[in-house]
Amino acid sequence: MDSSLKSADLLGQMKLHLSTDAGKEITKKIGLVYQLNIAPKKIGVDEEIFVVDLKEGKVTKGPYEGKPDATFSFTDKDFLSIATGKMNPQMAFIRGAMKIKGSISAAQKFTPEIFPKPSKL
């Protein structure tokens, strides 16, 4: 995925991960679509948009066609911290490091467990 964001590397790994048996289990278990708006430094500024589709088992760049179950906005750094389990998603939300639109119950299923363990970021 063509991007200057470090998050794009992790999302590229996730794309591969979803094609494995472990990834297919995640897709079957979650079955939701998430749109991620990731900004280099400040939420809302120069965001790049990615879709993690856990219905179809794909990761794509660009806005979702239709209505995602939940949309998250964060900075590149905070997204990596959350996805790698270094930052608790609830704390990130409370501190304003992550913004959520859409279903809160869908958002609660978006946890570090759905991401592949990063081999090297």
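Along every chain, residues carry numbers that run from 1 in the direction the sequence is written. Where totals are concerned, whole chains, interfaces and linings use all residues; where local detail is concerned, this predicted model gives features only for residues with pLDDT of at least 70, and gives and counts side-chain atom pairs only at 80 or more. Only hydrogens and water are set aside; all other atoms, that is, all heavy atoms of the structure, feed into the side-chain values.

Per an unreviewed UniProt entry, the protein chain is named SCP2 domain-containing protein, and its organism is Zingiber officinale.

1. A few points about the layout of surface pockets
Our working definition: Two kinds of site are reported from a 1 Å grid over the protein atoms alone, namely cavities, where a 1.4 Å probe fits but cannot get out, and pockets, open sets with protein on both sides within 12 Å along at least five of seven lines, and residues are called lining when an atom falls within 4 Å of a point. Grid points are joined across faces, edges and corners, and a volume is the space filled by probe spheres set on the points. A run of H or I in DSSP becomes a helix once it reaches four residues, and a run of E becomes a strand once it reaches two; helices and strands are each numbered from the N terminus. Polar here means any residue outside two lists: the nonpolar Ala, Val, Leu, Ile, Met, Phe, Trp, Tyr, Cys and Pro, and the charged Asp, Glu, Lys and Arg; Gly therefore counts as polar.
By volume, the largest pocket is sized at about 220 Å³. Together, Phe72, Pro89, Gln90, Phe93, Met98, Ile100, Ile104, Ala107, Gln108, Phe110 and Thr111 line the largest pocket. Among the elements of the structure, helix 4 (89-94), strand 5 (98-102) and helix 5 (104-107) are those that each provide at least two residues to the lining of the largest pocket. Counting residues per element, the lining of the largest pocket draws most heavily on helix 4, at three residues. Its residues assigned to classes, the lining of the largest pocket shows eight nonpolar, three polar and no charged.

2. Quick word on the UniProt feature "domain: SCP2" (unreviewed entry) in the protein chain
How we decide: UniProt positions are given in the numbering used here, feature names are shortened, and annotations may be inferred rather than shown by experiment.
Residues given the UniProt feature "domain: SCP2" (unreviewed entry) here are residues 19-111. Between the C-alpha atoms that bound residues 19-111 the distance is 19 Å, and the span itself is 30% helix and 30% strand.

3. Things to note about the nonpolar core
Selection rule: For our purposes a nonpolar core is just a set of buried Ala, Val, Leu, Ile, Met, Phe, Trp, Tyr and Cys residues, chained together by side-chain atoms within 4.5 Å. Each residue's exposure class comes from its accessible area (1.4 Å probe, protein chains only) as a fraction of the maximum for that residue type: buried when under 20%, exposed when over 50%, partly exposed otherwise. Residue contacts follow a heavy-atom distance rule, with two residues in contact if any of their heavy atoms lie within 4.5 Å.
Membership of the largest hydrophobic core comes to 32 residues, with the highest contact counts inside it found for Tyr34, Leu36 and Phe79. Elements with a contribution of two residues or more to this core: helix 1 (6-17), helix 2 (21-30), strand 1 (33-39), strand 2 (48-53), strand 4 (70-75), helix 3 (76-83) and helix 5. Contacts of Leu36, omitting those with residues within four sequence positions, involve Leu11, Glu48, Ile49, Phe50, Val52, Phe72, Phe74, Phe79 and Phe110.

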